[in-house]
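Now for the letters of each chain:
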Amino acid sequence: MQHAIAAIALLVRDYDEAIAFYTGCLDFELIEDTPLGGGKRWVLVSPPGARETRLLLAQASNAEQDASVGEQAGGRVFLFLRVDDFYARYEAMRSRGVRFLESPREEAYATVAVFEDLYGNKWDLLQPRQ
């Protein structure tokens, strides 16, 4: 039997602005956007070419969740976006307004730079070493 994480829930303030950021700035694909009633939606996005990696964009629905938007990892890097051509992706993301917190750096394991999504969650953009 094979097991996999089907999706990772990411708290967002608004479905449509989150979809616009992930599809417009990060080139993610909108996989599904299904109304569930009561203003809730099942919204899945995925990095281009990813077969199983999904983010479930979950709109905050109470004060506790709203306070956690952008802070799901307590200020640490939360998610890691692996790419094949680091500098092409880095420049494309910067040109679309993605805020990088540092310049690219070469580490023993990868070329990497930390960026923030529209809510302040920290991500690593990285291209692993061959």
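Looking at an unreviewed UniProt entry, one finds the protein named VOC family protein and attributed to Dyella caseinilytica.

Draft legend 1. View of the side chain of Arg 89. Position of Arg 89 among the secondary structure elements: in helix H3 (residues 86-95). A relative accessible area of 18% places Arg 89 in the buried class. In this structure the side chain of Arg 89 is engaged in a polar contact, spanning 3.3 Å, whose partner is the side chain of Asp 27. Once you skip the residues sitting within four places of it in the chain, Arg 89 turns out to touch Leu 26, Asp 27, Pro 48, Val 83 and Leu 125.

Draft legend 2. Representation of helix H1 (residues 15-24). Every buried residue belonging to H1 is among Tyr 15, Ala 18, Ile 19, Phe 21 and Tyr 22, and all of these are buried. The arc that holds the buried residues of H1, viewed along the axis, is 165°, so those residues lie on one side. Here the buried face of H1 lies against strand S1 (8-12), strand S2 (29-37), strand S3 (40-46), strand S4 (55-59), strand S8 (110-116) and strand S9 (122-128).

Draft legend 3. The arrangement of the packing of aromatic side chains in detail. In the structure shown here, the tally under the stated rule is nine aromatic pairs. A centroid spacing of 5.1 Å and a plane angle of 85° characterise the contact between Phe 21 and Tyr 22, whose relative ring orientation is edge-to-face. Taken together, a centroid distance of 5.6 Å and an interplanar angle of 20° make the contact between Phe 115 and Trp 123 stacked. We classify Trp 123 as buried; its relative accessible area is 3%. One aromatic cluster is present, formed by Phe 21, Tyr 22, Phe 28, Phe 86, Tyr 87, Tyr 90, Phe 100, Phe 115 and Trp 123 through successive ring pairs.

Draft legend 4. Structural detail: the sheet that holds S3. With respect to topology, four strands assemble into an open sheet ordered S1-S4-S3-S2, the strand pairing being mixed. The open sheet is flanked by S1 and S2, the only strands paired with a single partner. The average angle at which neighbouring strand axes cross in this sheet is 25°, direction not considered. One ladder, built from five bridges, connects S1 with S4; its direction is parallel. Note that in S4 the partner of Leu 11 across the bridge is Ala 58.

Draft legend 5. Examining the nonpolar core more closely. Ranked by size, the top nonpolar core spans 31 residues in total, and within it Tyr 22, Leu 55, Leu 57, Phe 115 and Leu 125 carry the most contacts. At the level of secondary structure, the elements contributing two or more residues to this core comprise S1, H1, S3, S4, strand S5 (77-82), H3, S8 and S9. Once residues within four sequence positions are removed from consideration, Phe 115 is found in contact with Leu 26, Leu 81, Met 93, Val 98, Arg 99, Phe 100, Leu 101, Asn 121, Lys 122, Trp 123, Asp 124 and Leu 125.

Reading the values: rules and limits
- Residues numbered from 1 in each chain as written.
- Predicted model: local features only at pLDDT ≥ 70, side-chain atom pairs only at ≥ 80, totals over all residues.
- Heavy atoms only, no water.
- Helix = DSSP H or I, 4+ residues; strand = E, 2+ residues; numbered from the N terminus.
- Buried < 20%, exposed > 50% of the residue type's maximum accessible area, 1.4 Å probe, protein only.
- Polar contact = N/O pair within 3.5 Å; in protein donor to acceptor, adjacent residues only side chain to side chain.
- Contact = heavy atoms within 4.5 Å.
- Arc of directions from axis to C-beta.
- Phe/Tyr/Trp six-rings, centres within 6.5 Å; stacked < 30°, edge-to-face > 60°.
- Pairing = 2+ DSSP bridges.
- Axes fitted to C-alpha atoms, helices over the stretch in contact; angles between N-to-C directions.
- Core = buried A, V, L, I, M, F, W, Y, C linked by side-chain atoms within 4.5 Å.

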